[in-house]
Amino acid sequence: MKRNRRQSAIINNFFTLASIIMITITLVVYMKYIQVEKPNPDSKAVYMKKEKVTPLECEDETSKSKLFNQKLLNKSLEALNKGYYKLDGGHIKALNSKSIIEDFIPVLEADEYFVKAIKVPAKKDIQKFLTINYEIIENDKEKKINLKKENKFKAGTIRTSFRANSIEIFIFSKDFKFYDKNEIQSIIDCTIKVYKNHAKKY
């Protein structure tokens, strides 16, 4: 009787051990390959997919933009909204024809358009700030036109670069067809809107 009980106990122990091993393997496989972790509400940045940027109505075939650093752009937008920015504008004059761009749209006037578009005046005497570097590029009227291009005529281009500590974050450029200050103001307004449109909340 004792021998049978001993054999029975050994068999029971064997099956118990086998069951424990199988359950352990099952749990390991489930945890590693099957279980989907629930996102932590406090860490949305890890789980949210990057949103696709939808172009704005003010963007057209002459508009070009490039994002270099999403994280810095998000932070720089906070600085912009608080007035922690500096404007650094200038002209690139035509080389092969008489230049009129400086007389047409002085830098100070272009600065006013940027401040109006941002809707927050720039603070003074600040050490850390977002630099908005823009160039009003005058087109050479006497320069040969490439007939293969769709946009055969333009008066110039406004190219804007957003930078933090000399690190380029985002650039946007758009052509203007005429020497029209309303068009210039519209492009500058579009520039700020496109920049803000690329900022994402994660």
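Quick caveat: nothing in here was measured; it's all calculated off a predicted structure.

Procedures and definitions
- Residues numbered from 1 in each chain as written.
- Predicted model: local features only at pLDDT ≥ 70, side-chain atom pairs only at ≥ 80, totals over all residues.
- Heavy atoms only, no water.
- Disulfide = S-S within 2.5 Å.
- Helix = DSSP H or I, 4+ residues; strand = E, 2+ residues; numbered from the N terminus.
- Buried < 20%, exposed > 50% of the residue type's maximum accessible area, 1.4 Å probe, protein only.
- Contact = heavy atoms within 4.5 Å.
- Expected span 1.5 Å × (residues − 1).
- Arc of directions from axis to C-beta.
- Polar contact = N/O pair within 3.5 Å; in protein donor to acceptor, adjacent residues only side chain to side chain.

Caption draft 1: Molecular detail of the state of the cysteines. Enumeration according to the criterion identifies 1 disulfide in this entry. In this model, Cys58 is linked to Cys190 through a disulfide, with the two sulfur atoms separated by 2.2 Å. Its S-S torsion of about 75° marks the bond between Cys58 and Cys190 as right-handed, since a negative value means left-handed. You can see Cys58 sitting in the loop between helix 2 (44-47) and strand 1 (64-67) and its partner Cys190 sitting in helix 6 (residues 181-197), a full 132 residues away along the chain.

Caption draft 2: Main features of the environment of Asp111. Position of Asp111 among the secondary structure elements: in helix 5 (residues 107-118). By relative accessible area, which is 17% here, Asp111 ends up buried. Between the alpha carbons of Asp111 and Tyr134 there is a distance of 9.6 Å; along the sequence they are 23 residues apart. If we ignore the near neighbours within four places in the chain, the residues touching Asp111 are Leu87 and Tyr134.

Caption draft 3: Up close: the environment of Phe162. Considering the arrangement of structural elements, one finds Phe162 in strand 4 (residues 156-164). For the pair formed by Phe162 and Leu73, sequence separation is 89 residues and the distance between their alpha carbons is 8.5 Å. Apart from residues lying up to four places away in sequence, Phe162 is in contact with Leu130, Thr131, Ile132, Ile167, Glu168, Ile169, Phe170, Thr191, Ile192 and Tyr195.

Caption draft 4: Representation of helix 3 (residues 70-81) in the model. If you check helix 3, its first and last C-alpha atoms are 17 Å apart, about what 12 residues at 1.5 Å a residue would give, namely 16 Å. When we look at burial in helix 3, the residues that qualify are Gln70, Leu73, Asn74, Ser76, Leu77 and Leu80. In a view along the axis of helix 3, the buried residues occupy a sector of 165°, so they form one face of it. Among the exposed residues of helix 3, those oriented more than 90 degrees off its buried face are Lys71, Lys75 and Glu78. In this structure Asn69 caps helix 3, since a side-chain oxygen of it lies 3.2 Å from the backbone nitrogen of Lys71. Downstream of helix 3 by a residue or two, Gly83 has a phi angle that is positive, lying close to 85°.

By themselves, these figures tell us nothing about what the structure is for.
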